[in-house]
Amino acid sequence: MAAFFKKTFKQLITSPTKSSLRDDKTNPTDFFKKSRIVEGGLFFIFSALVVIISFFGQKPKESQILLNQPAPTRLTAEFPFVFESKILLEKKIETLKNQVPPVFERTFEPYEEFRQVISELENRITRTQIDFEKSGNDTVQIELEKTITSLVEESSLEVDPATIITLTNDLSTKERSQLFNDSLKILWEIYNDGIYAARKNDSKMHQISVIQILNDEESNNLPEARSLKKATVFLRRHLDALALDDDHARSLFEILQTSLKPNLVYSESETRQAINLEVSKIEPQIENYEKGDTLVEPGIIVTELIFERMNAYNTIEISNGTDSDFFNLLFIKRTILTALLLIAVYAYITQGLRDVYKHNQTLAITAVSILLNLLIIRLIMEIGEIVTTAYRPLPNIMLPFIAPYALAPIIVAVLVGQSPAVLSALIVSVIFGIMQNNSVEFMLITFLSGVIGSLTASYIRKRSMLVRAGFFAGGTAALAGSCISFLNNFSAVLIGQQIIIALLIGILTGIVAVGLLPVLEYVFKITTEITLLELTDFNHPLLRRMQMEAPGTYNHSLMVANLSENAADAIGASPLLCRVCCFFHDVGKLVKPEYFAENQQDRINPHNEKNPSMSALVLKAHVKEGVELARKNKLPRVITDVIQQHHGTSLINYFYYQAQQHQKNRTKTPLSEKGDKPLEPVKVDESTYRYDGPKPAFKESAIIFFADGVEAASRSLKKVTQPAVEELIDNIFKDRIEDRQLDDCPLTFQELYQIRKSFIYTLLNMLHSRIQYPKEEADTNKDGVNNEPYPTGNQ
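Throughout, residues of each chain are indexed from 1 in the direction in which the sequence is written. Since the coordinates come from a predicted model, pLDDT governs what is reported: local features require at least 70, and pairs of side-chain atoms require 80 or more to be given and counted, while whole-chain, interface and lining totals use all residues. Excluded from the side-chain calculations are hydrogens and water; all other atoms, namely the structure's heavy atoms, are used.

*Asks:* Help me understand the overall build of the protein chain in this model?
*Replies:* From N to C terminus, the protein chain includes 31 helices and ten strands. Three labels apply to residues, based on accessible area from a 1.4 Å probe with only protein chains included: buried if under 20% of the type maximum, exposed if over 50%, partly exposed otherwise in between. Burial analysis of the protein chain (795 residues in total) assigns 44% to the buried set. The secondary structure listing takes helices from DSSP runs of H or I that are at least 4 residues long and strands from runs of E that are at least 2 residues long, numbered from the N terminus.

As structure tokens, then:
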């Protein structure tokens, strides 16, 4: 029984039957790539991660209004709320500061100094008159001039001594004394009211109408306080009424005006204290709004008060929600919207993108790129909100422009293709719009940027072109954002800032994509055209070895590359992938190059010394050895797959038929032990002469599978004609299709027809015949050797 199962299992592996195909489907790798269970699990995990990354712990966004910019829409209160306005309080405090009179400290030192000077003047005049009265009037006059001049110089009075002398001579002692006493009373009244210096460059002194004077006892509001100019006018007016005539009044004014000096000194600390006292009496400024009240009118310029009102409303809205990160109304709403979106996307993939739907690896790459993009966006937005709240370096409406929302579409376009990339742009844009309080504007900006980025990134062959794709994505976001901002009547400065930020983020997105691409290629074992193009360098170590150690195989690889590249282009497959895989498909022949006909020189064939089974084993080994060399040199997985599949499980016909012939020859002459009849022929085990496979599993591999056989067989053509080439190709195609080598490949008969046409055209051009040039009689030397030059083949 065990032998039966062993034999059956061997047949399932080696024979190209439907049972073999069913066994291939049970391969673990195929299970993970095509299983509906795995697909459903991936979809559920992806959906859960999208919701958690995008919305877990997220609070409602502030209304997208800008300070000193027009409000785009009308905003109304969805619930009654009350808040304390700091802006209104600050305005009231500022108004109160202007209303509280400044506080001055009053001093009477200027008055006392002048009073002492007048008293000393009276004393000296009286003493002089007493001392020199007997000497005569002339002597008294002379001494009075000396006394008065000396006193003026000592006291630094800015008055002409002659004025005092004239006033002294014109008035009697009693009149002079009475006049000075009355003048000092006027001067006292002026100093008592206060004199301040009204300087234009001093905002505290300029245009003061009411001040507070700080006495030793208390502070008093004294509206009679005067500026120096007004005090001078007051003094002159009262002296005119006091003096006997105008001359005396003028002389007295000249003496007293020198005593007028500001005696009110501004006290900043006392003024601040007075303001603080009044501010402490101000009650909080409360604003009360009912449900449905308009918070912001459309088109109105957003003031600081409106901005504060909306921030207070948003804060209260957040505080009214539940503390749970999962079980809150906002999270539930956004989860439902996201679920509807992803279900619609899943339905579209299953019906509209069936090629993508059949490959879980493609879905996984797209899903990981989207999740990575959303994670980066969420981190940037959270950090941006923290910085903006703390320092306010830029308005909240600028935050969405610093998000790299074109990252996933660009990466998916390079790794998978355009259709999944546009789909990823749609998912990212809708999720981002939901994150921004269901903003249709940002949804549109994000989607356009992602689509342009994905279209620009498709079919690129240089990593630097990813930066260009990012720049175009950023330019699209800048253009769309500036148009929306222009329609909302935003300022040119703000629009310019948006454009600059969008372009910079677009370039950074391309740079990040350049860094992430090799990581994702390695993780998902996928090869982009960028990597393939790098492998077309003929200085690759394996290609250099082939040129030196197996030149025939190297030339064969180039011919197969030409055939495969043209055929791939004809059916819409990847010509570059075919070309690169062809360069390396026979790299295993480097181990024993002399066992392959294209590398044999001088007609030396080592297979002549070996039996057919051993020769077949050597030929089959070049596949495994090629895989090993590819892994050692870190070639992409797709090249390794082509190396394994480029012969499929096809039969090595030459040695198989040779083995059959040897077996027939063995059974013709020998007799049985009894000598009455020949030995029964032993059937040759076909599996010994079949490659281990697997069969070609994708279009490019199948193209190389056919091209390899066609190119090798074309070398046996005695005469290259179109019928001969067509017959050769038709036989190869027929034999391999009947051998069921394409059971695992998605090629259609229409595509096979296109491949056949391409092979015929390319092969006829590669093997074209040349016209024969007429031979001239060649000179022969004395030894009879022909001296005609060898044709170069370029004639």
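Next comes the rest of the description.
*Asks:* What is the right way to read the pattern of salt bridges from this model?
*Replies:* Note on pairing: side chains with opposite charge can pair once their charged atoms come close. Every case where a carboxyl oxygen of Asp or Glu lies within 4 Å of a side-chain nitrogen of Lys or Arg is listed as a salt bridge. Scanning all chains against the criterion turns up 24 salt bridges. Between Glu112 and Arg115 there is a salt bridge, with the nearest N and O atoms lying 3.0 Å from each other. In this pair, Glu112 and Arg115 are both assigned in helix α6 (residues 109-132), three residues apart and thus about one turn of the helix distant. Taking the relative accessible area as the measure of exposure, Arg115 reaches 33% and is therefore partly exposed. Of the charged contacts in the structure, one is a salt bridge between Glu686 and Arg690, with a shortest N-O distance of 2.7 Å. Bridged by salt links that share partners, the residues Glu120, Arg124 and Glu154 form one connected network.

*Asks:* Help me understand the confidence of the model for the protein chain in this model?
*Replies:* Any segment with low pLDDT has predicted coordinates that should not be analysed in fine detail. For the protein chain, per-residue confidence averages 79 on the pLDDT scale, and residues scoring 70 or more make up 80% of the total. Note on scores: pLDDT gives the predictor's confidence for each residue, bounded by 0 and 100. In this description, contact between two residues means that some pair of their heavy atoms is separated by no more than 4.5 Å. Segment residues 200-209: pLDDT under 50, and 14 contacts once partners within four positions in sequence are set aside and those in other chains are kept.

*Asks:* Would you mind showing me how to read the pairing of strand β2 (residues 81-84) here?
*Replies:* Note on strand geometry: in a regular strand, side chains alternate between the two faces of the sheet. Only one face of β2 is buried: it carries Phe81 and Phe83, and the other face, with Val82 and Glu84, is open. The criterion for strand pairing is that DSSP finds at least two bridges linking the strands in question. Alignment of β2 against strand β9 (residues 286-289), held across four bridges, turns out to be antiparallel. Across the sheet, residue Phe81 finds its bridge partner in β9, namely Tyr289.

*Asks:* How should the environment of Leu235 be read in this particular structure?
*Replies:* Position of Leu235 among the secondary structure elements: in helix α10 (residues 228-242). Put simply, Leu235 and Ile190 are 45 residues apart on the chain and 7.8 Å apart in space, counted from C-alpha to C-alpha. The residues touching Leu235, leaving out its near neighbours within four places in the chain, are Ile186, Ile190, Phe253, Leu256, Gln257 and Leu260.

*Asks:* Explanation requested: the environment of Ile165 in the structure shown.
*Replies:* Counting through the fold element by element, Ile165 comes out in helix α8 (residues 161-170). Considering only alpha carbons, one finds Ile165 and Leu144, 21 residues apart in sequence, at a separation of 7.4 Å. When neighbours within four sequence positions are excluded, Ile165 is seen to be in contact with Glu145 and Ile148.

*Asks:* What should I look at first to understand the packing of aromatic side chains in this one?
*Replies:* Aromatic rings in a pair are described by how distant their centres are and how their planes are angled relative to each other. The aromatic pairing rule takes the rings of Phe, Tyr and Trp, using the six-membered ring of Trp, and pairs them if the centres are within 6.5 Å, calling planes under 30 degrees apart stacked, those over 60 edge-to-face and the rest tilted. A complete count under the given rule lists 16 aromatic pairs for this structure. Relative to Phe442, the ring of Phe432 has its centre 6.4 Å away and its plane inclined at 90 degrees; by these criteria the two rings are edge-to-face. Here the residue Phe432 occupies a position in helix α18 (residues 418-435), and Phe442 occupies one in helix α19 (residues 440-457), the gap between them amounting to ten residues. Measuring from centroid to centroid gives 5.8 Å for Tyr656 and Tyr657, while their planes differ by 50 degrees, and the two rings are tilted. For Tyr656, a relative accessible area of 9% corresponds to the buried category. The lysine or arginine in question, Arg226, covers the ring of Phe234, its NZ or CZ lying 4.1 Å from the ring centre. Counted as over-ring charges are cases with an Arg CZ or a Lys NZ within 6 Å of the ring centre that also lie within 35 degrees of the ring normal.

*Asks:* So what exactly am I meant to see when it comes to the packing of helix α24 (residues 551-571) against helix α29 (residues 699-714) here?
*Replies:* The relative placement of two packed helices comes down to the angle between their axes together with the axis-to-axis distance. For the pair α24 and α29, interaxial distance at closest approach is 9 Å and the crossing angle is 135 degrees. In terms of orientation, α24 and α29 fall into the oblique class. Considering the relative orientation of α24 and α29, their crossing is right-handed. Touching His556, Met559, Val560, Leu563, Ser564, Ala567, Ala568 and Ile571 of α24 are Lys699, Ile703, Ile704, Ala707, Asp708, Val710 and Glu711, all from α29. Axis geometry follows a simple rule: fit a line to the C-alpha atoms, using only the stretch in contact for helices, then measure angles between N-to-C directions, giving values from 0 to 180 degrees. An angle counts as roughly parallel when it lies under 35 degrees, as roughly antiparallel when it exceeds 145, as roughly perpendicular when it falls between 65 and 115, and as oblique in every other case. By convention, the crossing between two helices is left-handed when the near helix turns anticlockwise from the far helix through less than a right angle, and right-handed when the turn is clockwise.

*Asks:* So what exactly am I meant to see when it comes to unusual backbone geometry here?
*Replies:* Most peptide bonds adopt trans geometry, and most residues besides glycine take a negative phi value. Put simply, Gly693 and Pro694 share a cis peptide bond, and its omega is 10 degrees. Here Pro694 shows up in the loop between α28 (653-668) and α29. Phi is positive for Lys634, close to 55 degrees, though the residue is something other than glycine. Notably, Arg740 is not glycine yet its phi reads approximately 60 degrees, a positive angle. Mapping Arg740 onto the fold places it in the loop between α30 (722-738) and α31 (749-766).

*Asks:* Just checking my understanding: could you explain the nonpolar core for this structure?
*Replies:* For soluble globular proteins, nonpolar side chains are generally found buried alongside one another. Residue types Ala, Val, Leu, Ile, Met, Phe, Trp, Tyr and Cys, when buried and joined through side-chain atoms within 4.5 Å, form a set referred to as a nonpolar core. In terms of nonpolar packing, the biggest core is built from 54 residues, with Phe584, Ile639, Ile703, Phe706, Ile729, Ile755 and Phe759 touching the most fellow members. Ranked by size, the runner-up nonpolar core spans 36 residues in total, among them Leu371, Val428, Met435 and Ala478.

*Asks:* I'm lost on helix α26 (residues 612-632) in this one. Help?
*Replies:* Owing to its 3.6 residues per turn, the α-helix aligns residues three or four sequence positions apart on the same side. Here α26 spans 30 Å end to end across 21 residues, near enough to the 30 Å set by a 1.5 Å rise per residue. Listed in full, the buried residues belonging to α26 are Pro612, Ser615, Ala616, Val618, Leu619, Lys620, His622, Val623, Gly626, Val627, Leu629 and Ala630. Helix span is expected to be 1.5 Å times the residue number reduced by one.

*Asks:* Any chance you could explain α30 here in plain terms?
*Replies:* Between its first and last C-alpha atoms α30 spans 24 Å; for 17 residues at 1.5 Å apiece the expected length is 24 Å, and the two agree. For α30, the full list of buried residues reads Val725, Leu728, Ile729, Ile732, Phe733 and Arg736. Looking down the long axis of α30, one finds its buried residues gathered within 125 degrees of arc, a one-sided arrangement. Residues of α30 that are exposed and point over 90 degrees away from its buried face: Pro723, Glu727 and Glu738. Downstream of α30 by a residue or two, Arg740 has a phi angle that is positive, lying close to 60 degrees. Here, the arc refers to the directions that run from the helix axis to the C-beta atoms.

*Asks:* Mind showing me how you'd approach the side chain of Arg736 here?
*Replies:* Inspection of the secondary structure assignment puts Arg736 in helix α30. Neither His nor the chain ends is counted toward charge; the positive residues are Lys and Arg and the negative residues Asp and Glu. Buried charge without a salt bridge: Arg736, with Asp708 as the nearest opposite-charge side chain at an N-O distance of 5.9 Å. What Arg736 contacts, discounting residues up to four positions off in sequence, is Phe705, Phe706, Gly709 and Gln741.

*Asks:* Explain the packing of α29 against α30 to me, please; I cannot follow it from the model alone.
*Replies:* Look at α29 against α30: their axes get within 10 Å of each other, and the N-to-C directions meet at 135 degrees. Our classification of the angle between α29 and α30 gives oblique. Seen from above, α29 lies across α30 with right-handed handedness. Each of Phe705, Phe706, Gly709, Val710, Ala713 and Ser714 in α29 lies in contact with α30, whose residues at this interface are Leu728, Ile729, Ile732, Phe733 and Arg736. Residue polarity is assigned by list, with Asp, Glu, Lys and Arg as charged and Ala, Val, Leu, Ile, Met, Phe, Trp, Tyr, Cys and Pro as nonpolar; anything else, Gly included, falls into the polar class. Residues that form the contact of α29 with α30 fall into these classes: eight nonpolar, two polar and one charged.

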